[in-house]
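Chain by chain, the residues run as shown.
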Amino acid sequence: MNKIILITGGSDGIGAVTAQLAAKEGYSVCINYHQNHIAANRIVEKINDEGGSAYAFQADISVESEVIDMFTSIDNQIGRITALVNNAGIIESQQKLVDMSGERLQKIFAINVIGSFLCAREAIKRMSVRFQGNGGSIVNISSMASRLGAPFEYIDYAATKGAIDSMTVGLSKEVAEDQIRVNVIRPGTIITDIHSKAGEPGRVDRVKEFIPMKRGGQPDEVAKAILWLLSDEASYITGATLDVSGGR
Ligand code: NAP
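Right, let's walk through the structure included here. (Residues numbered from 1 in each chain as written. Predicted model: local features only at pLDDT ≥ 70, side-chain atom pairs only at ≥ 80, totals over all residues. Heavy atoms only, no water.)

1. Focus on the overall build of the chain
Selection rule: Per the convention used, a helix needs a DSSP run of H or I reaching at least four residues, while a strand needs a run of E reaching at least two, with both numbered from the N terminus. Throughout, radius of gyration means the C-alpha value; the globule benchmark is 2.2 Å times the number of residues raised to the power 0.38. The buried label applies to any residue whose accessible area, calculated with a 1.4 Å probe on protein chains only, is under 20% of its type's maximum; exposed applies above 50%, and partly exposed to all values in between. Note on definitions: a residue-residue contact is assigned when non-hydrogen atoms from the two residues lie within 4.5 Å. Only the protein chains shown count as cover for residues, and all accessible areas are computed by the Shrake-Rupley method using a 1.4 Å probe. Positive: Lys, Arg. Negative: Asp, Glu. His and the chain ends are not part of the count. Where a charge lies is defined by one atom per residue type: Lys uses NZ, Arg uses CZ, Asp uses CG and Glu uses CD.
Looking only at helices and strands, the chain has nine helices and seven strands in total. Computed over C-alpha atoms, the radius of gyration of the chain comes to 17 Å, within 12% of the 18 Å expected from 2.2 N^0.38 for 248 residues, which places it in the range of a compact globule. Considered along the principal axes of its C-alpha atoms, the chain spans approximately 50 × 40 × 35 Å. Here the chain holds 248 residues, and 51% of them are scored as buried. Considering only contacts in the chain between residues 6 or more positions apart, those separated by 24 or more positions represent 73%. Accessible surface computed for the chain: about 11,500 Å², of which carbon and sulfur atoms make up 51%. Measuring between centres, the 25 positive side-chain charges of the chain sit 4 Å from its 29 negative side-chain charges.

2. Some thoughts on the packing of helix 1 (residues 13-24) against helix 2 (residues 37-49)
To keep things clear, this is the line we draw: Under this scheme, a helix contributes an axis fitted over its contacting stretch, all axes are lines through C-alpha atoms, and angles between N-to-C directions fall in the 0 to 180 degree range. Any angle from 65 to 115 degrees is called roughly perpendicular, while one under 35 is roughly parallel, one over 145 is roughly antiparallel, and all others are oblique. Definitions for this section: a left-handed crossing has its near helix turned counterclockwise from the far helix by less than a right angle. A right-handed crossing has that turn clockwise. Classes in brief: Ala, Val, Leu, Ile, Met, Phe, Trp, Tyr, Cys and Pro nonpolar; Asp, Glu, Lys and Arg charged; the others, Gly included, polar.
Two elements in contact, helix 1 and helix 2, have axes separated by 10 Å at closest approach and are oriented at 20 degrees. Here helix 1 lies roughly parallel to helix 2, going by the angle between them. Where helix 1 crosses over helix 2, the handedness of that crossing is right-handed. Residues Ala16, Ala19, Gln20 and Ala23 of helix 1 form the contact with helix 2, whose own contacting residues are Ile43, Lys46 and Ile47. Here the residues of the contact of helix 1 with helix 2 sort into five nonpolar, one polar and one charged.

3. Considering the site of the ligand
Put simply, the rule reads: Nearness here has a simple test: a residue counts as near a molecule or strand if at least one of its heavy atoms is within 4 Å of that partner. Within 3.5 Å is the distance limit for a polar contact, defined as a pair of N or O atoms, with the added protein rule that one can donate a hydrogen and the other accept it, and that residues adjacent in sequence qualify only through two side-chain atoms.
Taken together, 32 residues are adjacent to the ligand, and Ser11, Asn87, Tyr157, Thr192 and Lys197 come closest. Within the side chain of Thr192, a nitrogen or oxygen atom sits 2.5 Å from an oxygen atom of the ligand. A distance of 2.7 Å is found between an oxygen atom of the ligand and a side-chain nitrogen or oxygen belonging to Lys197. Calculation on the ligand without its partners gives an accessible area of 910 Å², and the protein chains cover 95% of this total. The element contributing the most residues to the shell around the ligand is helix 7 (residues 194-197), with three residues. Looking at side-chain class alone, the shell around the ligand contains twelve nonpolar, 16 polar and four charged residues.

4. Considerations on the packing of aromatic side chains
Convention followed: In summary, the pairing rule links any two rings of Phe, Tyr or Trp, Trp by its six-membered ring, whose centres are within 6.5 Å, and it sorts them by plane angle into stacked for under 30 degrees, edge-to-face for over 60 and tilted for everything else. Sitting over a ring, as applied to charges here, requires NZ of Lys or CZ of Arg to be within 6 Å of the ring centre and within 35 degrees of the ring normal.
One pass over the full model with this rule turns up one aromatic pair. When the centroid spacing of 5.6 Å and the interplanar angle of 75 degrees are considered together, the rings of Tyr154 and Tyr157 count as edge-to-face. When the ring centre of Tyr27 is taken as reference, the NZ or CZ atom of Lys3 above it lies at 4.3 Å.

5. Considerations on the pattern of salt bridges
Going by this rule: Salt bridges are identified by distance alone: a Lys or Arg side-chain nitrogen within 4 Å of an Asp or Glu carboxyl oxygen.
Applying the stated criterion across every chain yields a total of 18 salt bridges. Its salt-bridge partner being Arg130, residue Asp178 comes within 2.3 Å of it at the nearest N-O pair. In this pair, Asp178 is assigned in the loop between helix 6 (155-174) and strand 6 (180-187) and Arg130 in the loop between helix 4 (102-127) and strand 5 (136-141), connecting sequence segments 48 residues apart. In this structure, Glu153 engages Arg206 in a salt bridge whose closest nitrogen and oxygen atoms are separated by 2.6 Å. Here the residue Glu153 occupies a position in the loop between helix 5 (145-148) and helix 6, and Arg206 occupies one in helix 8 (residues 203-207), the gap between them amounting to 53 residues. For Arg206, a relative accessible area of 37% gives the class partly exposed. Overlapping salt bridges bring together Glu64, Asp75, Arg121, Glu122, Lys125 and Arg126 as one network.

6. Considerations on the packing of helix 4 against helix 6
Helix 6 packs onto helix 4 with a crossing angle of 20 degrees between their chain directions and a minimal axis gap of 9 Å. The orientation of helix 4 with respect to helix 6, classified from their angle, is roughly parallel. Of the two possible hands of crossing, helix 4 and helix 6 adopt the one that is right-handed. For the pair helix 4 and helix 6, contact is made by Arg104, Leu105, Ile108, Phe109, Asn112, Val113, Ser116, Phe117, Ala120 and Ile124 and by Asp156, Tyr157, Ala159, Thr160, Lys161, Ala163, Ile164, Met167 and Leu171, respectively.

Remember, this is a structural readout, not a statement about activity or role.
Quick look at the structure:
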């Protein structure tokens, strides 16, 4: 069976590294991005130059029509996806709840939660044996923040990831008989640009003393776990939570 993977937020950070690793493992790779088409195209070119097969798809995952159009484009250009990594996500600047605007809350829940739900829904329609699919695997990207709560920084972000944890538990049971596995990874502090985008480029260095392994994680340490959970090596694992967090 042709392996086709969609990685949301595949233009940067954990998603971009996962895309490159997936290509090495024989997937045709669909890289979703929101705004940074230069970064997305750079990853696509790198994969194709190295003999893999990659394509970029622009869509804001928080907008239902854009998600539907993206999946239709993938169907038409490449085929039915067999794997989904619900990776796209944002953090806003560090604030206490008393200072957070309603607009901020709407935005972060729309991208981190609704976006992942919409992509999972469309993926199931392609993967499920009930819809003439061949089964598949979904990995959701949560965060250790869902357990730690991220007080004084971004409890909104932590709560969006709590929603992803719960969605994984329920959805894994809903689609188990459809031959779809659904698991969640909770990265700890990983060295990507998400921290500078949220206004604190030095965050990893600040928090590393609280991490038992005393360092931030590399994106490929998360990517390897994602690819393993997607693979047949994890064929009896569904509804599971895997912490990739240096022990935090
Ligand atoms: P990143 O480097 O900032 O990359 C984020 C990606 O998400 C980019 O490709 C971005 O695309 C995309 N994106 C943002 N908003 C989008 C939208 N509305 N629609 C579609 N794509 C969108 O982030 P990262 O650190 O790799 O994080 C990836 C995931 O891991 C996130 O879910 C994050 O919450 C989670 N995580 C990260 C850490 C960490 O320490 N880095 C820890 C725990 C969990 P554009 O560039 O085109 O906008």
